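Here's the letter readout for the chains.
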Amino acid sequence: METQQSTWHARARAHSRPYRGLLIILMAFVATATAWNAVIPPYENLDELEHIEVIRHLVVTGRLPVHGDAEAAGYHVRQQASQPPLYHALAAGWARLLRLPTTPHSPQQVPGAVVACGPTDTLYNKASWRGDPFGTSTGPGLQNEAQRATVHAMRAFSTLLQLFTLAGTWTLARRIFPRGPVPALATVIVAFNPQFLLLAAGVNNDNAVTPLATWGLVLGFDLWERGPEGWRPWAFGVLAGLAALSKLSGLALIGVGGLALLVRLLERRATLGETIRQALPIGLVAGAIVAPWMIRNIRLYGDPTALAPMLDKVGRRQTGIGWGEARLMWLSYWGQVPCSFYPRALYWPYLALCVGGVVPLALGAKRLGQRARHLLALCAIWFAVIVVAWIRWNSMTPAPGGRLLFPAISALALLLAAGWQAAGRLESRLGGGPDGSFFVLIWTALLPAWSLVVLVAGPLAILGPPVLLRQTAPVPNPIAVTFDEAIALRGYEAAVRTPSLACLLESRTYCSPTLDLTLYWQADKRVTDDLTLVIQLLSPEPGATDLRLNYNHWPGRGNLATSVWPTGALIRDRYRLPLPPQDRYTQAWALQVAFVDPTSATRLPVQLAGQPAGDSATLTHLRVPDTQPAPLEVRNPALPATFAGPNGQHAIVLDNAGVAAGATTTWEVTLDWRSERTVDADLTVFVHAYDADGALLSTGDGPFAGGAFPTHLWQPGDRVLSTHYLALDSGVKPARIAVGLYAAPDGARWPAEQDGTPAPDGAVAIWEPAP
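Let me begin by describing the structure that accompanies this report.

The rules behind each value
- Residues numbered from 1 in each chain as written.
- Predicted model: local features only at pLDDT ≥ 70, side-chain atom pairs only at ≥ 80, totals over all residues.
- Heavy atoms only, no water.
- Helix = DSSP H or I, 4+ residues; strand = E, 2+ residues; numbered from the N terminus.
- Rg over C-alpha atoms; globule rule 2.2 N^0.38 Å.
- Buried < 20%, exposed > 50% of the residue type's maximum accessible area, 1.4 Å probe, protein only.
- Contact = heavy atoms within 4.5 Å.
- Areas by Shrake-Rupley, 256 points an atom, 1.4 Å probe, with all protein chains shown as cover.
- 1 Å grid on protein atoms, 1.4 Å probe; cavity = no way out; pocket = protein on both sides within 12 Å on 5 of 7 lines; lining within 4 Å.
- Points joined across faces, edges and corners; volume = space filled by probe spheres on them.
- Nonpolar A, V, L, I, M, F, W, Y, C, P; charged D, E, K, R; others polar.
- Core = buried A, V, L, I, M, F, W, Y, C linked by side-chain atoms within 4.5 Å.
- Pairing = 2+ DSSP bridges.
- Phe/Tyr/Trp six-rings, centres within 6.5 Å; stacked < 30°, edge-to-face > 60°.
- Lys NZ or Arg CZ within 6 Å of the ring centre and 35° of its normal.
- Salt bridge = Lys/Arg side-chain N within 4 Å of Asp/Glu carboxyl O.
- Expected span 1.5 Å × (residues − 1).
- Disulfide = S-S within 2.5 Å.
- Axes fitted to C-alpha atoms, helices over the stretch in contact; angles between N-to-C directions.
- Parallel < 35°, antiparallel > 145°, perpendicular 65-115°, else oblique.

Attention shifts here to the overall build of the protein. Scanning the protein from N- to C-terminus turns up 19 helices and 26 strands. Over its C-alpha trace the protein gives a radius of gyration of 35 Å, far above what one expects of a compact globule, namely 28 Å for 771 residues. Taking all 771 residues of the protein together, the buried fraction comes to 53%. By sequence separation, contacts in the protein at least 24 residues apart represent 73% of the contacts at least 6 residues apart. Here the protein has roughly 33700 Å² of accessible surface; of this, 60% comes from carbon and sulfur atoms.

All right, on to empty space enclosed by the protein then. Overall, the coordinates contain three cavities of 30 Å³ or more when judged by the stated rule. Empty space within the largest cavity amounts to approximately 100 Å³. Along its surface, the largest cavity is lined by I52, I55, R56, V59, A95, L100, P101, T102, H105, T150 and M154. Of all the secondary structure elements, the ones that give two or more residues to the lining of the largest cavity are helix 2 (48–61) and helix 5 (145–176). When residues in the lining of the largest cavity are grouped by element, the largest group, four residues, is from helix 2. Within the lining of the largest cavity, the residues separate by chemical class into seven nonpolar, three polar and one charged.

It is worth spelling out the nonpolar core at this point. Residues F29, I189, W334, W382 and L414 are the most contacted members of the largest nonpolar core, which totals 104 residues. The leading source of residues in this core is helix 16 (residues 409–422), at ten residues. Grouped together as the second largest cluster of nonpolar side chains are 46 residues, Y551, A561, V564 and L577 included.

The next subject is the sheet that holds strand 5 (residues 487–497). Strand order across the open sheet formed by seven strands is 3-9-6-5-4-12-13, with antiparallel pairing between neighbours. Two strands lie at the open edges of the sheet, namely strand 3 (467–469) and strand 13 (611–612), each paired on one side alone. Sheet topology note: the strand 3/strand 9 (residues 570–578) ladder contains three bridges and is antiparallel. Bridge pairing in strand 9 places L468 opposite I571.

Position of G322 among the secondary structure elements: in the loop between helix 12 (307–314) and helix 13 (324–334). Separated by 32 residues in sequence, G322 and V290 place their C-alpha atoms 34 Å apart.

With that settled, consider the sheet that holds strand 15 (residues 641–644). Strand order in the open sheet made by the six strands is 21-17-16-15-24-25, with antiparallel pairing throughout. At either end of the open sheet lies a strand with only one pairing partner, and these are strand 21 (719–727) and strand 25 (757–758). When strand 15 meets strand 16 (residues 650–661), the two strands line up antiparallel, connected through four bridges. Its bridge partner lying in strand 16, T642 is registered against V653.

Here the structure, examined in full by the defined rule, presents 26 aromatic pairs. A centroid spacing of 5.5 Å and a plane angle of 75° characterise the contact between F438 and F439, whose relative ring orientation is edge-to-face. For F438, a relative accessible area of 30% puts it in the partly exposed group. The buried category is assigned to F439, whose relative accessible area is 17%. Ring centres 5.9 Å apart and planes at 55° place the aromatic pair F709 and W714 in the tilted group. Note on W714: relative accessible area 1%, which makes it buried. Above the face of the W224 ring, R269 is positioned so that its terminal group lies 5.5 Å from the ring centre. Residue placement shows R576 over the ring face of Y510; its charged tip is 5.8 Å from the ring centre.

Before going further, it helps to spend a moment on the pattern of salt bridges. Applying the stated criterion across every chain yields a total of 28 salt bridges. The shortest N-O distance in the salt bridge between D47 and R403 comes to 3.2 Å. You can see D47 sitting in the loop between helix 1 (2–39) and helix 2 and its partner R403 sitting in the loop between helix 15 (370–396) and helix 16, a full 356 residues away along the chain. Judged by relative accessible area, D47 falls into the partly exposed class, the value being 26%. Residue classification places R403 among the buried positions, given a relative accessible area of 14%. For E71, the salt bridge identified is with K313, shortest N-O distance 3.3 Å. Remark: K313 occurs in helix 12 and E71 occurs in helix 3 (residues 69–72); sequence separation between them is 242 residues. Judged by its relative accessible area of 37%, K313 falls in the partly exposed class. One salt-bridge network, held together by shared partners, links R175, D222, E225, R226 and R371.

This brings us to helix 14 (residues 348–364). Taking 1.5 Å of rise per residue, 17 residues should cover 24 Å, and helix 14 covers 24 Å from first to last C-alpha, within 8% of that figure. For helix 14, the full list of buried residues reads P349, Y350, L353, C354, G356, G357, P360, L361 and G364. The inward-facing, buried residues of helix 14 contact helix 6 (182–191), helix 7 (194–200), helix 13, helix 15, helix 16 and helix 18 (438–463).

Looking now at unusual backbone geometry. Between L639 and P640 the backbone carries a cis peptide bond, its omega angle lying at 20°. Phi at D47 is positive, roughly 50°, even though this residue is not glycine.

Evaluation of the coordinates by the stated rule reveals two disulfides. Each disulfide pairs two cysteine sulfurs, and for C117 the partner residue is C339, the sulfurs being separated by 1.8 Å. Because the sign of the S-S torsion sets the handedness, a value of about -100° for the bond joining C117 and C339 places this disulfide among the left-handed ones. Of this pair, C117 sits in the loop between helix 4 (86–98) and helix 5 while C339 sits in the loop between strand 1 (336–337) and strand 2 (340–341), and the two are 222 residues apart along the sequence.

Here the focus is the layout of surface pockets. The gaps of empty space that remain are located by a probe, the size of a water molecule, rolled over the atoms. In this structure, the second largest pocket occupies an estimated 620 Å³ of space. Lining the second largest pocket are 25 residues, with R327, F341, Y342, R344 and E506 sitting closest to its centre. At the level of secondary structure, the elements contributing two or more residues to the lining of the second largest pocket comprise helix 13, strand 2 and helix 14. No other element matches helix 13, which puts four residues into the lining of the second largest pocket.

This brings us to the packing of helix 9 (residues 232–244) against helix 10 (residues 253–266). At a minimum axis separation of 8 Å, helix 9 and helix 10 run at an interaxial angle of 155°. Classified by the angle between their axes, helix 9 and helix 10 sit roughly antiparallel to one another. Within the contact between the two elements, helix 9 uses F236, L239, A240 and A243 and helix 10 uses L253, I254, V256 and G257. Here the residues of the contact of helix 9 with helix 10 sort into seven nonpolar, one polar and no charged.

As structure tokens, then:
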């Protein structure tokens with residue numbers, strides 16, 4: 001008896017052992033998806049508001065929404081009103097079970113003028129809905145605690161549904177690889193795909209069709225391999241019908257069953273009559289399930305699929321499909337939030353995963369057994385069918401969303417896992433095991449960890465609020481600036497640099513000069529309006545209006561409206577803003593910040609140390625390295641001349657100068673300067689015209705480049721052209737023009753040399769009349 005019990009326990013342990021890996025993956029997936037759920041703000045997931053409102057409509061009215069009627073009743077359902085209803089019906093049951101509130105979800109959209117949806121120079125301003133990340137405010141357009149909890153609870157239901165996708169993927173992989181790590185890798189590829197995690201942490205009907213399609217693929221393979229026993233065609237028909245009731249692409253699942261039966265017919269494992277009898281239950285059951293919904297659509301919209309009213313909402317495509325959309329589809333298959341892709345380095349592992357999986361599989365397919373080839377071929381065909389379905393939908397309306405391929409996500413994952421198993425023949429060179437599992441194990445361990453990296457560097461960086469500091473935290477460059485006596489700027493950090501690491505890892509827009517700016521804000525009192533933050537680089541030349549940068553968005557990189565700022569808290573607000581390419585010479589730019597009231601389109605008044613200071617705050621001047629001007633073409637024989645600072649070291653060279661007598665009494669002097677060493681002071685150029693007796697006739701003193709490039713910002717190698725004007729009396733012609741440098745405020749001149757000879761009083765003669 002004891003021997004029998006021991007044998008039974010041993011068999012039970014042996015049977016359960018392979019599923020321990022699946023259980024670990026499922027638990028890790030739930031934990032990771034919950035983290036994504038917590039990070040993504042309410043309604044910032046894929047079409048989330050509309051799906052939630054369809055569910056609320058079902059809970060409140062007990063009926064499916066109808067286009068027009070639902071919107072008129074206050075439900076924000078948009079195109080989702082005519083979506084297949086299975087997911088929404090199941091989610092409505094979940095909401096009733098948890099007794100979730102049914103108050104309307106009416107978030108306020110961020111104004112389009114301050115949203116940068118789509119490809120832009122930065123990953124900022126991608127939030128579509130006005131939120132309160134710190135939960136400090138209430139009011140119109142803000143979600144209360146109950147609404148936020150409702151969104152997160154509905155997302156948890158989606159996470160539970162996707163557990164069936166992972167179990168189906170594991171089961172499908174074990175049909176070919178009953179032992180070894182391939183089932184784990186295939187399941188991990190699905191579970192820790194960042195876009196799959198985003199979907200599983202959101203309210204979206206793709207969370208119903210994906211598990212149904214996965215298990216349909218499992219049952220489709222069983223139809224081919226094990227035969228259409230009495231229950232299998234009927235069960236497959238149920239799965240196909242439910243998939244179609246989840247999303248229209250689920251209709252294609254019927255073809256998987258038909259293909260399995262057709263292959264059996266071609267292999268002469270069934271007669272034509274048997275094949276037809278076995279196919280009938282699939283079509284009849286699937287049709288019986290989906291028919292009521294289609295009849296309803298015909299009655300309401302005159303279209304069995306209800307695509308026409310949906311397209312009326314989302315808009316029809318006006319242009320052809322380009323190859324660039326395939327790239328967008330691939331990127332979004334692995335990860336994006338609705339308004340933005342992620343930094344480019346986050347996609348590199350997935351590119352390696354795809355290339356390294358597809359190539360070895362294509363080259364080593366012949367080494368697989370017939371059974372394995374058939375199942376992998378079925379996976380490839382199913383994936384191709386879903387791609388064709390996406391192309392069809394994308395031809396109707398622009399929809400390059402990778403989640404539209406998720407009905408075949410398990411198929412692709414199995415193909416990639418099998419490919420990396422095939423790549424195991426290289427293991428001997430790396431000291432790996434003989435079973436070809438080295439690469440498979442590496443990916444199985446890497447992908448879960450990388451999904452957390454993506455969460456932090458992707459959604460959290462894009463949609464997360466700025467950091468709150470304690471009120472007494474020290475800040476760099478303290479400054480006493482207030483805007484309308486409500487918002488205080490306590491300090492800042494600013495620099496222009498080319499961030500080589502961001503250029504490599506994030507975006508090529510950072511491969512050029514970039515403003516790296518951190519602002520330290522504090523709300524002295526409650527702000528009622530959502531103000532627009534203005535960050536500008538303005539030419540410091542008096543009277544100039546040239547802008548090198550003009551940034552106008554909400555603070556917090558678009559994620560923290562001023563009306564929800566916590567009073568008294570210190571907010572660290574950091575920006576990295578690429579400067580748009582312009583054909584300009586290197587010079588200084590004044591960094592200014594301001595706030596605009598969007599209602600009146602006027603800037604808020606600024607106070608500096610309690611005194612009125614206009615409508616913008618100038619924080620500092622920054623050197624922007626653009627192009628260097630070409631040297632003057634005509635050579636001045638009196639030059640070059642060098643100027644030495646207080647330490648006696650040569651710092652500035654006057655390489656060339658040109659003098660042009662005007663048609664009137666104004667003479668133009670152009671000076672070609674070059675920097676050899678950095679200078680702490682801001683110097684002024686003096687340009688003096690003298691008569692034959694040495695008497696001063698006219699002066700053209702002024703800052704370099706009209707004030708656009710103060711010398712404390714010069715770097716060695718900078719070349720600066722500076723133009724000055726001499727106003728002379730009519731008929732008067734100077735006998736000599738001399739230039740030099742002096743420092744304010746005492747006017748002390750810098751020593752100058754020409755050919756090693758000191759220039760008297762630091763004045764370098766650059767022009768004398770020809771004899």
